[in-house]
Amino acid sequence: VYISLLLRCEISQNEAKNPALKSSFELCRPYLLEEIRLIKPKIIITLGEEAFMHLYPNLLSKGGFSSIRGSILKDDDRFIMPTFSPEWISKNPSFEENFIDDLKKIKGVI
């Protein structure tokens, strides 16, 4: 298990609405992609729509994030599973069981 972040710098809640945030993601993206290349994970779990959208916009279907959340997608030589972010679950606890079910699907891949 290896945990990483899309954004390599800490952002306070006040900065979260800053328009420069999108450019920060783009600046950090090459570093994360290189990290992924070096580690060669078998499966990547993107926690939240934003993480998925920034990493794998090419895998987004016409139905949006909700139509692929919990699915195991194939990209090159790895699997990608988009699911809810822990922050989103804390604000929407009725979806916690869906989140747990998503994570249980990983056992079939590894």
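Owing to the predicted nature of the structure, the values given are computational and were not obtained by experimental measurement.

K.L.:
I'd like a rundown of the confidence of the model for the chain, residues and numbers included.
P.N.:
Confidence in the prediction of the chain, expressed as mean pLDDT, is 81, and 82% of residues score 70 or more. Per-element confidence in the chain ranges from a low mean pLDDT of 79 for helix α1 (residues 20-39) to a high of 94 for helix α5 (residues 96-104).

K.L.:
For the nonpolar core, give the residues involved together with the corresponding values.
P.N.:
Counting residues in each nonpolar core, the largest one holds 11 residues, listed as Leu32, Ile36, Ile44, Phe52, Leu55, Tyr56, Leu59, Phe65, Ile68, Leu73 and Ile80. Of all the secondary-structure elements, those providing two or more residues to this core are α1, α2 (49-55) and α3 (65-68). What Ile68 contacts, discounting residues up to four positions off in sequence, is Phe52, Leu59, Leu60, Ser61, Leu73 and Pro82.

K.L.:
Help me get a handle on the packing of aromatic side chains, residues and values and all.
P.N.:
In this structure the tally under the stated criterion is five aromatic pairs. Pairing Phe52 with Tyr56 gives two aromatic rings, centres 6.3 Å apart and planes at 40°, and the pair type is tilted. Judged on exposure class, the residue Phe52 and its partner Tyr56 are both buried. Here the aromatic cluster, defined as three or more aromatic residues joined through ring pairs, consists of Phe52, Tyr56 and Phe65.

K.L.:
Account for the pattern of salt bridges, with residues named and values stated.
P.N.:
Taken as a whole and judged by the stated rule, the model has five salt bridges. Between Lys91 and Glu87 there is a salt bridge whose closest N-O contact spans 3.3 Å. Pair noted here: Lys91 and Glu87 are both in helix α4 (residues 86-91), with a separation of four residues, about one helical turn. Asp102 is the partner of Lys105 in a salt bridge, and the nearest nitrogen-oxygen pair spans 3.9 Å.

The rules behind these values
In this numbering scheme, every chain counts its residues from 1 along its sequence in written order. A pLDDT threshold of at least 70 governs which residues receive local features in this predicted model, and a stricter bar of 80 or more applies before side-chain atom pairs are shown or counted, although totals over entire chains, interfaces and linings include all residues. The basis for every side-chain value is the complete set of heavy atoms in the structure, and neither hydrogens nor water enter the calculation. Every residue is assigned a pLDDT by the predictor, reflecting its confidence on a scale from 0 to 100. Segments assigned H or I by DSSP are reported as helices when at least four residues long, segments assigned E as strands when at least two residues long, and all are numbered from the N terminus. To form a nonpolar core, buried Ala, Val, Leu, Ile, Met, Phe, Trp, Tyr and Cys residues must be joined to one another through side-chain atoms within 4.5 Å. Each residue gets one of three labels from its accessible area relative to the maximum for its type: buried under 20%, exposed over 50%, partly exposed in between, using a 1.4 Å probe on protein chains only. The contact definition used throughout considers only heavy atoms, calling two residues in contact when any of these lie within 4.5 Å. A pair of Phe, Tyr and Trp rings is counted when the ring centres sit within 6.5 Å of each other, with Trp represented by its six-membered ring. The angle between the planes then sorts it: under 30 degrees is stacked, over 60 is edge-to-face, the rest tilted. One side-chain nitrogen of Lys or Arg within 4 Å of one carboxyl oxygen of Asp or Glu is enough to make a salt bridge.

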